[in-house]
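Remarks on the overall topology
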Amino acid sequence: MNMHDLPLIIYTLCLQSAVGIYIVSRMAAWTETSKAKRMRHLWLVGGLGVAGVIASALHMGYPWNAVLTMSNLGTSWLSREIVLTVSFGAAWLIGLVFESKEAGNVETRNGWSVLTSLIGFTLVFAMSMIYRTTAFPAWEHASTTFGFYATAGLIGTAVVFAGQLFQKGEEEPKALLPLLIGGVAMLALQMMAVASHGAYLGTAGPEAAETAALIAGPYAVLQWARVALTAIGAAIFMPLAWRQWAQKKVTSVPALAGALIALVVLGELAGRVLFYASRVKIGL
Amino acid sequence: MAKQLGFHVDARFCAGCKTCQIACKDRSSLEVGQLFRKVVKHEEGGWVKQDDAWVTNVTAYWLSVSCNHCENPACVKVCPTGAMHKRAEDGVVMVDQSRCVGCQSCVWACPYDAPQYNPDLGKVGKCDLCADRLAAGQRPVCVDACPYQLLSFGEIDKLEAEKGGTAAVAGLADPKRTQPSLRINPPKGAINAASGRDLK
């Protein structure tokens, strides 16, 4: 792996996770009225966003010019991504203040969370378009966009699902079944992205064929790790945790919940390392 | 259409001496690993069956390539700061290093490896068609240096009318991607190579 890619791996994973956790947690908290329940996961979203932005600054060779990076909104997806990152951060912060002060009614705050979610959703799209407009044929495909959305959705559902199982006191976890269904759907989306990317690589010229050879050869372990870890996390540990909870075997559920987060996050990390490591550029 | 400057390379006779590459590197004081002009060898072909016999269609040639000051430059499109820009008066693609943030988006986007990242500066540099020499009425240093005088520069339409050539040469990106201001008189086997290799 090229160490120069590390900040980008951290940035994309952190921001996609932040968007996914934000959207899923707002859906889970839609009907909640208590401050504690509505605040759940918001600080995690902020922490991931800050970590991602710090990492992205490390990618720049001359970060002192960072303020100029929003100058080419007309054609540059990177400019758009940066504007959307700032907007998502600002909207998250305003939402955090709203929730902590319990400003307005629940409907108003839900409305704000919809707006913030839309910004986050667009941010993930812009992020994918940065890669789709390079001279790396492996990235120029729609599977890049679907893969990024699947990452956000998988980590979002896994974290919020697990968070429900870590609740203290007598509080009953809510929305576990919809979260489980959502997690499996996001896993299916990720697997579809992986499969369609593989099919595309065979049709997109010699550089894409080289990428396919890298994925099938030296980096096969990353591909299999990504598939296996996310599948075990979302399709085995999630249903298992839900079943244990449904059968009131409460003591073992937090361990399962922690394990499923670790599996999904590690699987997505393997996939992202593979994404960067297997690129082959059209060049001389 | 506004004036568009570009390069013409008569690759039929290029011996790969790399004098153009070295002259450019020397003028721009580039460190190891950075080249604004590259001379690259392209090889392809192998054994192919022809009726009852196996014959070779091996071909190899040199290509001298720098920034092609494309009509539709990918580097300019993706640059978030506007540092990478296309000069209106002559279509030369320039980088304003005072605005460059060193994100390397241009490096990723260019299919000709023209933008070169300078890790000491944390910024990108590239061929500016020797803008200072042009302003002084001189030719780019690579054009002056070629001992065979196979490199030319000027308005790309006039170069094409005078010398012919194409940018659709095996070993280079499909010109539809960025519409490079480059015309090459291709060596034998460079177009529609018998091996059936597609353009990138």
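What comes next is a walk through the structure. Within any chain, residue numbers begin from 1 and follow the written order of that chain's sequence. As a convention, the first chain written is A and the first ligand written is 1, with the rest following in written order. In keeping with the model being predicted, local features are shown solely for residues with a pLDDT of at least 70 and side-chain atom pairs are shown and tallied solely at 80 or more, while totals for entire chains, interfaces and linings include all residues. To get the side-chain values, all heavy atoms of the structure are used, and hydrogens and water are removed first.

**Regarding the overall build of chain A**
Starting at the N terminus, helices and strands are each numbered in turn, a helix being any DSSP run of H or I of at least four residues and a strand any DSSP run of E of at least two. Across its full length, chain A holds ten helices and zero strands. Beginning at the N terminus, the succession of helices and strands in chain A can be written as α-α-α-α-α-α-α-α-α-α. With respect to the three principal axes, the spread of C-alpha positions in chain A is 65 × 45 × 25 Å. By definition in these notes, contact holds between two residues if any of their heavy atoms fall within 4.5 Å. Taking as baseline every contact in chain A between residues at least 6 positions apart, the subset at least 24 positions apart corresponds to 77%. Of the roughly 12100 Å² of accessible surface on chain A, 73% is carried by carbon and sulfur atoms. For the purpose of counting charges, residues Lys and Arg are taken to be positive, whereas Asp and Glu are taken to be negative. His and the chain ends are not included. To locate a charge, take NZ of a lysine, CZ of an arginine, CG of an aspartate or CD of a glutamate. Averaged over its 18 positive side-chain charges, chain A has a centre that lies 4 Å from the centre of its 13 negative ones. Computed with the Shrake-Rupley method and a 1.4 Å probe, the accessible areas treat only the protein chains shown as cover for residues.

**A few points about the overall build of chain B**
Per the secondary structure count, chain B includes six helices and eleven strands. Over its C-alpha trace chain B gives a radius of gyration of 18 Å, about what one expects of a compact globule, namely 16 Å for 200 residues. Reported as C-alpha extents along the three principal axes, the dimensions of chain B are approximately 65 × 35 × 35 Å. Across chain B, the fraction of contacts at a sequence separation of at least 24, relative to all contacts at a separation of at least 6, is 61%. Within the structure as shown, chain B displays about 9100 Å² of accessible surface, and the carbon and sulfur contribution to it stands at 49%. Of the side chains in chain B, 25 bear a positive and 22 a negative charge, and the two mean positions are spaced by 1 Å. Throughout, the radius of gyration refers to the C-alpha atoms, and the reference size of a globule is 2.2 Å times the residue count to the power 0.38.

**Notes on the environment of G95(A)**
Looking at where G95(A) falls in the secondary structure, it is placed in helix α4 (residues 77-101). Note: C-alpha distance between G95(A) and H141(A) (46 residues apart in sequence) is 34 Å.

**As for the interface of chain B and chain A**
With 36 residues of chain B in contact, the opposing surface of chain A contributes 33 residues. Within this document, salt bridges are pairs made up of a side-chain nitrogen of Lys or Arg and a carboxyl oxygen of Asp or Glu, the two lying within 4 Å of each other. At the junction of chain B with chain A, the criterion picks out two salt bridges. Put simply, R177(B) and E140(A) hold a salt bridge, and the shortest N to O gap is 2.5 Å. Considering each element in turn, the side of chain B that touches chain A owes the most residues, four residues, to helix α3 (residues 105-109) of chain B. Residue polarity is assigned by list, with Asp, Glu, Lys and Arg as charged and Ala, Val, Leu, Ile, Met, Phe, Trp, Tyr, Cys and Pro as nonpolar; anything else, Gly included, falls into the polar class. Taken together, the residues of the side of chain B that touches chain A sort by class into 19 nonpolar, nine polar and eight charged.

**A look at the packing of aromatic side chains**
For this analysis, a ring pair means two rings from Phe, Tyr or Trp (six-membered ring only for Trp) whose centres lie within 6.5 Å, classed as stacked if their planes differ by under 30 degrees, edge-to-face if by over 60, and tilted for the remaining angles. Throughout the structure, instances matching the rule amount to 17 aromatic pairs over all chains. Taken together, a centroid distance of 6.3 Å and an interplanar angle of 80 degrees make the contact between W43(A) and W92(A) edge-to-face. Taken together, the residues W43(A) in helix α3 (residues 42-59) and W92(A) in helix α4 connect sequence positions 49 residues apart. Whether a residue is buried, partly exposed or exposed follows from its accessible area with a 1.4 Å probe, protein chains only, as a fraction of its type maximum: under 20%, in between, or over 50%, in that order. Classification of W43(A) by relative accessible area gives exposed; the value is 58%. Between F136(A) and W108(B), the aromatic rings sit 5.9 Å apart at their centres with planes inclined by 90 degrees, giving edge-to-face as the arrangement.

**Examining the environment of K126(B)**
Residue and element names in this part refer to chain B. Note on placement: K126 falls in the loop between β9 (123-125) and α4 (131-135). A residue is classified by how much of its surface remains accessible, and K126, at 6% relative accessible area, is buried. It is 12 Å that separates the C-alpha atoms of K126 and H85, two residues lying 41 residues apart in sequence. Among all residues touching K126, those that are not within four sequence positions of it are F36, C67, H69, M84, V93, M94, V95, A114 and P115.

**A few points about the pairing of strand β1 (residues 5-10) of chain B**
Successive side chains on a regular strand alternate, one facing one side of the sheet and the next facing the other. All names here are of chain B. Within β1, six of the six residues are buried, leaving the element largely enclosed by the surrounding structure. Of the two faces of β1, both are covered, the one formed by L5, F7 and V9 as well as the one formed by G6, H8 and D10. Bridge count for β1 against strand β10 (residues 151-155) is five bridges, and the pairing is antiparallel. What sits directly across from G6, in β10, is G154. In short, DSSP must find at least two bridges between two strands for them to pair.

**Considerations on unusual backbone geometry**
All names here are of chain B. Notably, S29 is not glycine yet its phi reads approximately 50 degrees, a positive angle. With respect to the helices, strands and loops of the structure, S29 is situated in the loop between α1 (19-27) and β2 (38-44). According to the relative accessible area criterion, S29 is exposed, its value standing at 59%. One non-glycine residue, Q179, lies in the positive phi region at around 50 degrees.

**Remarks on the packing of α4(A) against helix α5 (residues 106-132) of chain A**
Residues and elements named next belong to chain A. Each axis is a line fitted through C-alpha atoms, taken for helices only over the stretch in contact, and angles between the N-to-C directions span 0 to 180 degrees. Look at α4 against α5: their axes get within 9 Å of each other, and the N-to-C directions meet at 160 degrees. Taken as axis vectors, α4 and α5 run roughly antiparallel relative to one another. The element α4 and its partner α5 pack so that their crossing is left-handed. Of the residues assigned to the contact of α4 with α5, the class counts are 16 nonpolar, six polar and three charged. Geometric relationships in this document are graded by angle, where less than 35 degrees denotes roughly parallel, more than 145 denotes roughly antiparallel, 65 to 115 denotes roughly perpendicular, and other angles denote oblique. Take the far helix as your reference; a near helix turned counterclockwise from it by less than a right angle gives a left-handed crossing, and one turned clockwise gives a right-handed crossing.

**Digging into the side chain of T211(A)**
Residue and element names in this part refer to chain A. Position of T211 relative to the elements: it lies in helix α8 (residues 206-216). Residue classification places T211 among the buried positions, given a relative accessible area of 1%. With sequence-adjacent residues up to four places away left out, T211 is seen in contact with A138, L201, S278, R279 and V280.

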